[in-house]
Amino acid sequence: MTMQTPYYQYDMALLHETLDIAKTQASRYGYTIHYAVKANANPNLLKNIASEGFGADCVSGNEIKVALDNGFNSQGIVFAGVGKTDGEIEYAIEQNIHCIHCESVQEFHVIELIAQKLNKKVRVALRINPNVDAHTHKSITTGLKENKFGMSVSEAHSILIEENRYKNIELIGLHFHIGSQIQNMEVFKNLALEVNRIQDELHSHCLPYLNLGGGLGIDYLNPTVNRLANFSDYFGTIHKWLEPGKGQSIHFELGRSLVGQCGQLYTRVLYTKTSQKRSFAVVDAGMNALIRPALYGAYHRIENISKIDQPVNQTYDVVGPICETTDSFGEEVLLPATERGDLLVIQSCGAYAESMASDYNLRERPHCVFIPNYELEKT
Ligand code: LLP
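Residues numbered from 1 in each chain as written. Predicted model: local features only at pLDDT ≥ 70, side-chain atom pairs only at ≥ 80, totals over all residues. Heavy atoms only, no water.

A. Focus on the environment of Gly320. Along the polypeptide, Gly320 turns up in the loop between strand 13 (314-319) and strand 14 (328-335). According to the relative accessible area criterion, Gly320 is buried, its value standing at 10%. Through-space distance from the C-alpha of Gly320 to that of Gly350 is 19 Å; in sequence the pair is 30 residues apart. (Helix = DSSP H or I, 4+ residues; strand = E, 2+ residues; numbered from the N terminus. Buried < 20%, exposed > 50% of the residue type's maximum accessible area, 1.4 Å probe, protein only.)

B. Summary view of the sheet that holds strand 7 (residues 169-175). The sheet built from 8 strands closes into a barrel, its strands ordered 2-3-4-5-6-7-8-9 with parallel pairing. In this sheet, adjacent strand axes meet at a mean angle of 30° when their direction is disregarded. Note: strand 7 against strand 8 (residues 209-211), 3 bridges, orientation parallel. Bridged to Leu174 within strand 8 is Leu210. (Pairing = 2+ DSSP bridges. Axes fitted to C-alpha atoms, helices over the stretch in contact; angles between N-to-C directions.)

C. Spotlight on the nonpolar core. Membership of the largest hydrophobic core comes to 100 residues, with the highest contact counts inside it found for Phe72, Leu126, Leu258 and Val259. Each of domain 1 (11-260) and domain 2 (261-371) gives at least three residues to this core. Sequence-distant contacts of Leu126, that is, excluding residues within four places in its chain, are made with Cys102, Phe108, Met151, Ala156, Ile159, Leu160, Leu171, Gly173, Leu174 and His175. (Core = buried A, V, L, I, M, F, W, Y, C linked by side-chain atoms within 4.5 Å. Domains from an automatic or database assignment. Contact = heavy atoms within 4.5 Å.)

D. Summary view of the site of the ligand. Ser180, Glu253, Arg292, Tyr296 and Tyr352 are the nearest of the 17 residues found near the ligand. Within the backbone of Gly215, one N or O atom sits 2.9 Å away from an oxygen atom of the ligand. Tyr352 places a polar side-chain atom, nitrogen or oxygen, 2.6 Å from an oxygen atom of the ligand. In the complex, 92% of the free accessible area of the ligand, which totals 580 Å², lies under the protein chains. For the shell around the ligand, the secondary-structure elements that each account for two or more residues are strand 9 (249-254) and helix 10 (292-296). Counting contributing residues per domain, the shell around the ligand is built from domain 1 (11-260) and domain 2 (261-371), each supplying no fewer than three. (Near = heavy atom within 4 Å. Polar contact = N/O pair within 3.5 Å; in protein donor to acceptor, adjacent residues only side chain to side chain. Areas by Shrake-Rupley, 256 points an atom, 1.4 Å probe, with all protein chains shown as cover.)

The following block contains the structure:
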């Protein structure tokens, strides 16, 4: 049977292998992982991740709802976001989630007012912008002074010294997140050292909660060789350099490293053509299905699986059908001689592909295939 393209295919065995390793490495140091739902909110993935005991990191009221609907425990949910609406804050408080990550002084007062109105006490952690350079793509760097995220150390200080004034907030600790797709462990060392310095300045070691965010990268260049992110070095680096307070629980919010490699995008070649300068393979998936190359110039490995035994000796711009020049998955991609009807696989599409998909040009979003077929096994 020929499967209708384009589609995302998820390797659930690889997902579970990744989750198991992440859990094992985190548990060596007693660390807690919240899955960053924004990376992929596919309900089948969420159910499997929740069933392995992970918490969830959500950035909208809808993400909280979807996390709860798919088996995450409310006590394992944290809620970040630079622009939470009053309705979202109210919903988070009503659901009694683990805590809200507050991103500004003004937001702090809004949370207090809403909690007062609901007559509830809400757990809050302050998201601090540590001004640590993630040395990653500028569009996915979040922890520099010029970024919109979090508050400054002095703003956090102004809240902490007045802690007793806030009757409806329990201030449980600090939150940091400096960016995404970080493979250089020096960056996490710098984060840990900066967190130590900030905790000293704020005297926050006595607070029970410390969240270092996510950001661990994956290997887009060699996804089949390096199928697993380097969880051991990541948690090992943090453990080596971080000096938490006694009894402070350490939390992480991992997205890409948990799901990035388990997903692939399958797409068929509609046409090939050659201009004076380039050869093109026009495929049936567009930037609406995978926007990362268009948005960040991100690299995804592409293979022609219809010509697996053929010499890889031609170059093509692999482009989508959408009316935008940036609707391209790669320029001068090395492939075997490629023809109409060939099936291409775009690797490493488990994170920020399906979750960033749109129906631009009124194109249908790709459907999903799970191997082994978990959905069927469960019904
Ligand atoms: N925590 C917070 C507060 C975040 O903003 C993010 C990601 C994460 C955790 C998870 O980061 P991860 O472990 O997945 O690196 N669309 C971009 C990535 C944007 C990341 C946004 N924040 C991409 O496709 O590369």
